[in-house]
Amino acid sequence: MFSQVKRILASALCIVMITALSGCASSSSSLPQHVDMKSIAFAIPLYSLSSANKSESRMALVKTDGSVSVYKGSAMFGLSASWTKSGLYWADSSDDYFISSAGNVRITSHSKTNFQYDSIPLQDGSRIATYHTGLQDKDAGRAILTKPDGEFSTLKFSYPSGANAAVANCGDTLFLQIGDGDSWGVQLPWFEITPQSHLSFSSSVTYFAKDIRIPKQDESALGGSPKFFELFAANNEMSCPSDHLIHGLVKLTRTVQAPSVELLFLASYDMENKGQKYKAITVDGGKHFIATGNYFWTSREGFDAEGFPFINGDTGAFYYVNTKTGVAARLENPDNGDRSIRRSLVATSTRYYVSSIPINSRAGKHSTVSIYSRKTHKKIRTFAISDDFTRMQQDDPIQPNNMVVNPTEPLFNK
């Protein structure tokens with residue numbers, strides 16, 4: 001999503017600590033050399049929103065019994081993680097972290113910026129993440145390829161202020177989208193990245209909101225041709241279901257000035273033929289899906305030939321969209337609708353996971369993960385995360401980011 005985002009740039013904290021949250025007990029010790037990954041179901045990145053703790057980020061590992069271990073590290077605003085069959089990756093401003101699927105821990109010293117946008121796992125077990133270094137740097141963007149053995153290579157690129165970056169994995173080619181926040185999404189430049197031993201980088205195509213063409217009935221529902229474009233291109237939002245065809249959930253509106261109707265569309269970008277299409281999301285009866293709320297999250301892995309899931313990040317309502325018809329069926333009604341609940345959506349080959357974490361006590365006292373069958377779209381169970389974790393993140397000025405799921409899905413291996 002394109003928005004002006006406050007940059008938090010802080011010095012690095014080089015000490016890594018662990019706080020174990022289990023029942024009422026807590027202890028502190030160094031990051032262990034080995035983690036029992038068969039007992040870890042989820043990882044939840046945490047980062048500071050307060051200048052008081054701006055030099056800190058954390059990684060919470062949620063066990064299959066709901067208990068949580070939290071690892072502290074140096075600054076990384078927008079901390080994110082990638083979990084492949086090789087293992088779990090994350091990085092702060094001073095180090096790269098990798099826990100292999102066998103549980104071996106590797107920490108590689110790696111000084112970098114402390115503002116991260118996106119991360120994406122690759123088929124070979126590597127990871128690419130995008131960063132921003134600060135407005136004082138002309139070539140402010142960074143794409144960093146990290147391999148399981150700790151090797152990394154860095155690509156620098158020009159980056160407009162107030163922009164987000166997202167990466168879509170299309171077979172052997174990655175596409176990096178750098179939204180121009182200064183023009184409020186009018187310009188959407190895409191670049192190709194080839195993840196070799198050293199990254200190669202080339203301009204691909206630039207789309208413009210003024211070139212958007214939608215059917216007359218959709219234009220009528222907007223009250224005119226779309227003049228403002230918002231792409232939900234935060235972590236795990238862009239998908240590449242086939243080579244060179246990128247999908248994403250977008251919001252179109254006639255004007256940035258209220259009052260204005262905002263509608264959801266499925267955007268398709270053909271990176272080979274340089275074309276773009278927009279299919280309106282509707283509800284039963286053919287009515288357009290009015291995008292009430294600030295955040296709509298989908299999952300990169302959730303797109304397939306049949307459709308894709310998404311959640312209203314403000315209310316918790318959960319939907320599945322049939323790609324052929326464009327109809328969104330509601331799988332779960334909104335919860336209490338408090339915007340202080342941080343929600344995320346993860347899709348695996350067999351299931352959907354929707355996390356709900358109240359970031360203040362007014363929003364609730366319990367953090368949960370709702371688990372759905374990808375085949376039937378029915379809820380399987382609700383997983384409870386330790387209330388100690390909820391209290392910790394409510395007491396400290398930290399913000400949860402998108403959850404990632406253990407690819408072996410240990411909750412279902414018993």
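Residues numbered from 1 in each chain as written. Predicted model: local features only at pLDDT ≥ 70, side-chain atom pairs only at ≥ 80, totals over all residues. Heavy atoms only, no water.

**A few points about the overall build of the chain**
Then, number 1: Within the chain one finds two helices and 32 strands.
Then, number 2: Within the chain, the fraction of its 414 residues that count as buried is 58%.
Then, number 3: Carbon and sulfur atoms make up 49% of the accessible area of the chain, which amounts to about 17,200 Å² in all. (Helix = DSSP H or I, 4+ residues; strand = E, 2+ residues; numbered from the N terminus. Buried < 20%, exposed > 50% of the residue type's maximum accessible area, 1.4 Å probe, protein only. Areas by Shrake-Rupley, 256 points an atom, 1.4 Å probe, with all protein chains shown as cover.)

**With respect to the state of the cysteines**
Then, number 1: Counted under the stated rule, the structure contains one disulfide.
Then, number 2: Covalently, Cys170 is tied to Cys240 through a disulfide, its sulfur atoms 1.9 Å apart. Looking along the S-S bond of the Cys170-Cys240 disulfide, the torsion reads about 110°, which is the right-handed sense. Here the residue Cys170 occupies a position in strand β14 (residues 165-170), and Cys240 occupies one in strand β19 (residues 239-242), the gap between them amounting to 70 residues. (Disulfide = S-S within 2.5 Å.)

**Comments concerning the packing of aromatic side chains**
Given two aromatic rings, their pairing is described by the distance between the two centres and the angle made by the two planes.
Then, number 1: Per the counting criterion, the structure on display carries 17 aromatic pairs.
Then, number 2: Ring centres of Tyr269 and Tyr278 lie 6.4 Å apart, and the angle between their planes is 90°; this geometry places the pair in the edge-to-face category.
Then, number 3: You can call Tyr269 buried: its relative accessible area is 0%.
Then, number 4: Among the residues examined, Tyr278 registers a relative accessible area of 7% and is labelled buried.
Then, number 5: One aromatic cluster is present, formed by Phe289, Phe296, Phe303, Phe308, Phe310 and Tyr319 through successive ring pairs.
Then, number 6: Arg351 extends its terminal NZ or CZ atom over the ring of Phe412, reaching a point 3.6 Å from the ring centre. (Phe/Tyr/Trp six-rings, centres within 6.5 Å; stacked < 30°, edge-to-face > 60°. Lys NZ or Arg CZ within 6 Å of the ring centre and 35° of its normal.)

**Some remarks on the sheet that holds strand β11 (residues 127-132)**
Then, number 1: One open sheet accounts for four strands, arranged β10-β11-β12-β13; its pairing is antiparallel. What marks the edges here is a single partner per strand, and that holds for β10 (116-121) and β13 (152-157). Taking each pair of neighbouring strands and ignoring which way they run, the sheet shows an average axis angle of 15°.
Then, number 2: Bridge count between β11 and strand β12 (residues 141-146): six bridges; the pairing is antiparallel. Within the sheet, the bridge partner assigned to Thr130 lies in β12 and is Ala143. (Pairing = 2+ DSSP bridges. Axes fitted to C-alpha atoms, helices over the stretch in contact; angles between N-to-C directions.)

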